[in-house]
Every structure is written in C-alpha cells, then in structure tokens.
Amino acid sequence: MKIKEVRVVVTCPTRNYVLVKIVTDEGLYGVGDATLNGRELAVAAALKEHIAPLLLGRDPGCIEDIWQYLFRGSYWRGGPVQMTALAGVDMALWDIKGKAAGMPLYSLLGGKTRAGALCYTHCGGRDFKEVEDSVRAKLAEGFKVLRAQVAIPGTKGTYGVGSGKMKKNKNAGMKFLEQDALPQEEVWEPGPYLRTIPQLFEHLRGALGEELELFHDVHERLTPIQAARLAKELEPYHLFFLEDPLRPEHKESFRVVRRASTTPLAMGELFHSKWDCLPLLTEQLIDFIRCDLSHIGGITEAKKIAAIAEAFHIQTAWHGPGDISPHAHAANVHVDVSIPNFGVQEMVAFPEEVHEVMPGAPVYKDGYLFVSDRPGLGTDLNEKAAKKYPYKRGYLPTTRRADGSVHDW
Ligand code: KDG
Ligand code: MG
C-alpha cells in the first residue's frame with residue numbers, strides 16, 4: 001500500500017479545526033487532528049507545503065519510520081507547529097493501520113485494560129454558589145471527577161469560568177467562548193486569586209462532602225513560591241490534582257511546589273515531546289502527565305510517554321479540550337483504555353456542527369468515555385459538511401496585570 005494523496009482540511013464548525021486526510025492507492029484513508037488553537041493556518045501550511053510532499057509514495061504502515069523521518073529528518077525539529085502537524089499525520093496513519101487490519105486502535109495498541117475511560121468535565125461560575133450548582137448538575141449527569149474554576153473578585157475575564165464573550169450554541173444550551181478576530185484582553189492578579197481558590201474548595205467540600213473528586217486548573221499563571229503556597233493551602237480539601245501550576249519553562253521549579261505539599265500535581269498540556277516530560281517523570285515531581293496528543297506528535301509519542309510514566313508510578317490525564325477535534329479525543333480514549341497507568345480523561349460535549357463534520361467522537365456514559373469497535377480511530381470527516389463552515393481567524397485571550405503589563409494567559 002502506498003500514500004497517494006495528503007489533503008488538509010481547515011474548517012470552523014463553531015471553532016477552527018485542522019484535519020489531515022491521508023489517502024492510499026488502495027482506497028483506504030485515515031484522518032488525524034492537526035489543530036493548534038490560534039495558529040491553525042501555520043500548521044496547515046507546514047503540512048501542505050513541507051510535509052505532504054515527503055509522504056507521497058511511502059508505505060503508510062511504517063508509522064514509526066515515517067515519524068522518525070519527519071521528526072529527525074527535518075533538522076529544525078519540535079515546537080508546537082511541527083509537532084501538531086506530525087500528530088495529524090501520525091493519527092491518520094494509525095487510522096489507516098486499524099482499517100487495514102479491521103481492528104479498532106485500542107486493539108492494535110495491546111487490547112483493552114479497562115471498559116471505559118473515567119472522565120472529567122468543567123464546572124465554572126461567577127461565585128462559589130454558582131460553581132456548587134454547576135458541580136451538582138454535573139454530578140447528576142454521572143460525573144465522578146470535576147474541575148472547579150471561579151471568577152476572581154476585582155479581575156476581568158478569569159480562565160475557565162466563561163467570563164469572556166460567550167456564544168450560545170444550539171446544543172443543550174451549551175455556551176462556547178467566542179474567538180474574536182483579535183484577542184480579548186483579561187486582567188488578573190495573583191493576590192486575590194491565591195486568597196479565593198482555597199475558599200472555593202472550602203465551600204465545595206462543606207457543601208458537597210468528600211466523596212466526589214475535585215480539582216483546579218491554575219493555567220500556568222503562578223510563580224514557584226505562589227504555586228507552593230496554593231498547593232499547601234489546598235491540602236485539607238484533598239484535590240484529585242492541581243493542574244499546570246507553572247509554565248513548562250520552569251520544570252525545575254516543580255521541586256519547590258513538591259517540597260511544600262502533598263497535593264497531587266498534574267502537568268503537560270503545553271509539552272511537545274517525551275524530553276519535555278522527562279525531568280518531571282524521572283524525579284516524580286508530578287502525579288499525572290497530561291500531554292495533548294495533538295501537540296506531541298500523536299499516538300506514537302503518547303504511548304512512549306505513558307510507558308516512561310508507568311515506570312515512575314505516574315498516571316495519564318491527556319488534555320481533552322474543545323479546541324482539539326473528535327479524532328484527537330478518540331485517540332485519547334483508545335490510548336486510555338489500552339495502557340495500564342491511565343488516570344483520568346478530560347472531555348467536552350461537542351456542538352452539533354462538530355458531530356456533523358467529524359462523526360464518531362467517544363461516547364459519554366455515567367462518568368466514563370467509550371470508543372467504538374469500528375476499525376481505526378472510529379471517527380470520520382465529512383468534507384462536504386466541512387465546506388459549509390469556512391475558517392474564521394480566531395485567537396485565545398491574552399492576560400495583563402492590573403498595572404497593564406503582560407502576564408501569561
Ligand atoms: O487552547 C488552549 C486550551 O486548550 C486550554 O486553555 C484548555 O487548559 C485547558 C484545559 O485544561 O482544558
Ligand atoms: Mg489546562
């Protein structure tokens with residue numbers, strides 16, 4: 001079998017997605033996710049202009065060799081754009097391999113270690129009561145693990161609480177962050193944030209008890225000593241984990257946070273390779289590795305990272321936001337249900353438009369995600385439907401401190 005064509009589809013069914021469709025001379029095809037939020041066209045150009053010509057005529061079954069060839073053969077390797085492009089190709093090739101074998105991806109990866117993937121979703125609110133109500137609503141839907149974010153008094157546009165400009169969607173009253181043609185600007189201060197978050201979890205544990213698993217996403221905004229203080233002050237509320245307390249540039253600073261507390265730590269959505277993960281894994285500075293399969297070169301690299309993590313008693317919690325496609329969500333769950341050290345899976349409910357363009361997303365039931373037994377990833381791409389939703393330039397928000405200086409979003 002040979003690769004005959006590489007198609008790149010950019011579509012915006014409520015938000016932008018970049019898909020790679022690899023077609024073989026035998027008519028089989030695979031589809032992978034190459035979406036990089038806010039830089040979609042850079043990845044599309046990398047794929048069309050630089051990567052597609054290298055794939056034509058190759059055997060799509062040689063996934064590891066193609067991965068090595070694209071990664072090591074380029075000399076200038078790594079980074080978000082190239083690793084997202086590589087992920088799209090990798091997922092499409094695994095999809096083809098599954099279809100050629102007549103097997104779902106989880107089977108090719110070694111078979112099921114569990115029936116479904118324990119998953120979490122997001123709860124946010126303008127105040128503690130709103131967050132509590134949101135948690136109660138999600139508990140009623142069967143969720144067992146929930147992320148809790150609250151608006152920080154005196155700031156503008158807190159991450160994860162839907163305080164940006166929101167767009168209503170037809171799908172069950174869901175709302176989506178509207179991505180503007182230029183970035184929205186948020187204002188954030190560490191003082192009020194550090195005072196508010198422990199109070200939020202005090203409120204939630206008081207109102208809801210100890211049974212449910214709760215956690216919080218810092219979104220990489222703190223300094224090491226601030227993160228250490230937060231982790232320590234959250235200890236009495238037994239978080240499932242504290243997510244991304246620091247930026248990936250400061251991996252050695254995780255030692256400061258680790259020394260200060262026993263709150264479990266999760267990190268990795270901004271990583272791009274196994275080497276980014278290494279010091280945190282080998283020094284056991286985190287408890288959950290949460291890379292984004294679409295930004296680390298796909299399933300091939302995820303399997304290796306999971307295996308290294310397993311040796312250090314660290315579990316996976318792959319990134320699963322709305323800005324990666326159902327193909328990537330399916331890849332997450334296929335890996336989740338076939339490795340021994342799976343921890344938890346982030347999930348979102350996609351709007352109707354996304355299901356129309358990319359059918360086959362994992363199915364949610366009573367706190368768990370399930371992939372189908374269809375060969376490959378089990379997802380597909382409706383190219384005709386994709387054309388109805390053309391690309392719209394969009395950015396993630398940016399953040400400034402109260403004095404106007406730039407801060408990390
Ligand atoms: O594109 C950025 C989002 O993927 C990120 O903000 C989501 O932090 C995130 C999460 O944990 O889902
Ligand atoms: Mg996060």
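Everything discussed here concerns the structure shown above.
Residues numbered from 1 in each chain as written. Chains lettered and ligands numbered in written order. Predicted model: local features only at pLDDT ≥ 70, side-chain atom pairs only at ≥ 80, totals over all residues. Heavy atoms only, no water.

Participant: Would you mind going over the pattern of salt bridges with me for this structure?
Facilitator: Think of it this way: side chains of opposite charge can pair up when their charged atoms draw near. Counting across every chain of the model gives 23 salt bridges. Salt-bridge contacts for lysine 21 lead to glutamate 383; the nearest nitrogen and oxygen are separated by 2.8 Å. In this pair, lysine 21 sits in strand 2 (residues 17-24) while glutamate 383 sits in helix 13 (residues 383-387), placing the two residues 362 residues apart along the sequence. For the pair formed by lysine 21 and glutamate 383, the shared burial category is buried. For glutamate 243, the salt bridge is made with arginine 290, and the minimal N-O distance between the two is 3.0 Å. Residue glutamate 243 is found in strand 10 (residues 242-243), and its partner arginine 290 is found in the loop between strand 12 (288-289) and helix 10 (299-311); the two are separated by 47 residues along the sequence. In this pair, the class of glutamate 243 matches that of arginine 290, namely buried. Among the charged side chains, a salt-bridge network with shared partners connects Glu5, Arg7, Lys21 and Glu383. (Salt bridge = Lys/Arg side-chain N within 4 Å of Asp/Glu carboxyl O. Helix = DSSP H or I, 4+ residues; strand = E, 2+ residues; numbered from the N terminus. Buried < 20%, exposed > 50% of the residue type's maximum accessible area, 1.4 Å probe, protein only.)

Participant: Could you clarify how one ought to interpret the packing of helix 5 (residues 128-140) against helix 6 (residues 190-208) in this entry?
Facilitator: When two helices pack together, their arrangement is given by the angle between the helix axes and the distance between those axes. Running from N to C, helix 5 and helix 6 cross one another at 50 degrees; their axes reach a closest spacing of 10 Å. Here helix 6 runs oblique to helix 5, going by the angle between their axes. With respect to the hand of their crossing, helix 5 and helix 6 are arranged in right-handed fashion. Contact residues: helix 5 offers Phe128, Lys129, Val131, Glu132, Val135, Arg136 and Leu139, while helix 6 offers Thr196, Gln199, Leu200, His203, Leu204, Ala207 and Leu208. Here the residues of the contact of helix 5 with helix 6 sort into 8 nonpolar, 3 polar and 3 charged. (Axes fitted to C-alpha atoms, helices over the stretch in contact; angles between N-to-C directions. Parallel < 35°, antiparallel > 145°, perpendicular 65-115°, else oblique. Left-handed = near helix turned anticlockwise from the far one by under 90°. Contact = heavy atoms within 4.5 Å. Nonpolar A, V, L, I, M, F, W, Y, C, P; charged D, E, K, R; others polar.)

Participant: Looking at this structure, I do not really get the coordination of the magnesium ion (ligand 2). What am I missing?
Facilitator: Reference values for angles at a metal are 109.5 degrees in the four-donor tetrahedral case and 90 or 180 degrees in the six-donor octahedral case. Each protein donor to the magnesium ion (ligand 2) is listed here as Asp217 (OD), Glu243 (OE) and Glu269 (OE); together their distances run 2.0 to 2.2 Å. Spacing between the donor residues of the magnesium ion (ligand 2) along their common chain follows D-x25-E-x25-E. With aspartate 217 in strand 9 (residues 213-217) and glutamate 243 in strand 10, this pair connects stretches of sequence that are 26 residues apart. The pair aspartate 217 / glutamate 243 is uniform in exposure class, with both members buried. (Donors = N, O, S within 2.8 Å, 3.2 Å for Na, K, Ca; no water.)

Participant: Sorry, what's going on with the packing of aromatic side chains here?
Facilitator: A ring pair, where both rings are aromatic, is described by two values, the distance of the centres and the angle of the planes. Counted under the stated rule, the structure contains 12 aromatic pairs. Relative to phenylalanine 241, the ring of phenylalanine 215 lies with its centre 4.4 Å away and its plane at 50 degrees, an arrangement referred to as tilted. Taken together, the residues span a long stretch of sequence, with phenylalanine 215 in strand 9 and phenylalanine 241 in the loop between helix 7 (224-234) and strand 10 at a distance of 26 residues. Phenylalanine 241 gets classed as buried once you look at its relative accessible area, which sits at 0%. (Phe/Tyr/Trp six-rings, centres within 6.5 Å; stacked < 30°, edge-to-face > 60°.)

Participant: Could you clarify how one ought to interpret a nonpolar patch on the surface in this entry?
Facilitator: Together, Val363, Tyr368 and Phe370 make up a nonpolar patch on the protein surface, roughly 250 Å² of accessible area in all. As for its position among the elements, tyrosine 368 is in strand 16 (residues 368-370). Look at tyrosine 368 and you get partly exposed, because its relative accessible area is 32%. (Patch = residues over 30% accessible without salt bridge, like charges linked within 9 Å, V, L, I, M, F, W, Y side chains within 5 Å. Areas by Shrake-Rupley, 256 points an atom, 1.4 Å probe, with all protein chains shown as cover.)

Participant: Sorry, what's going on with the sheet that holds strand 8 (residues 185-187) here?
Facilitator: The 3 strands are arranged 8-17-18 in an open sheet whose pairing can be described as mixed. Only two strands of the sheet have a single neighbouring strand rather than two, namely strand 8 and strand 18 (406-407). Alignment of strand 17 (residues 398-400) against strand 18, held across 2 bridges, turns out to be antiparallel. Residue pairing in the sheet places arginine 400 in a bridge with valine 406 of strand 18. (Pairing = 2+ DSSP bridges.)

Participant: I tried to follow the side chain of threonine 35 on my own but got confused; where do I start?
Facilitator: Tracing the backbone shows threonine 35 in the loop between strand 3 (29-33) and helix 1 (40-55). A relative accessible area of 1% means that threonine 35 is categorised as buried. A polar contact is formed between the side chain of threonine 35 and the backbone nitrogen of valine 18, at a distance of 2.9 Å. The residues touching threonine 35, leaving out its near neighbours within four places in the chain, are Asn16, Tyr17, Val18, Thr84, His295, Asp323 and Ile324. (Polar contact = N/O pair within 3.5 Å; in protein donor to acceptor, adjacent residues only side chain to side chain.)

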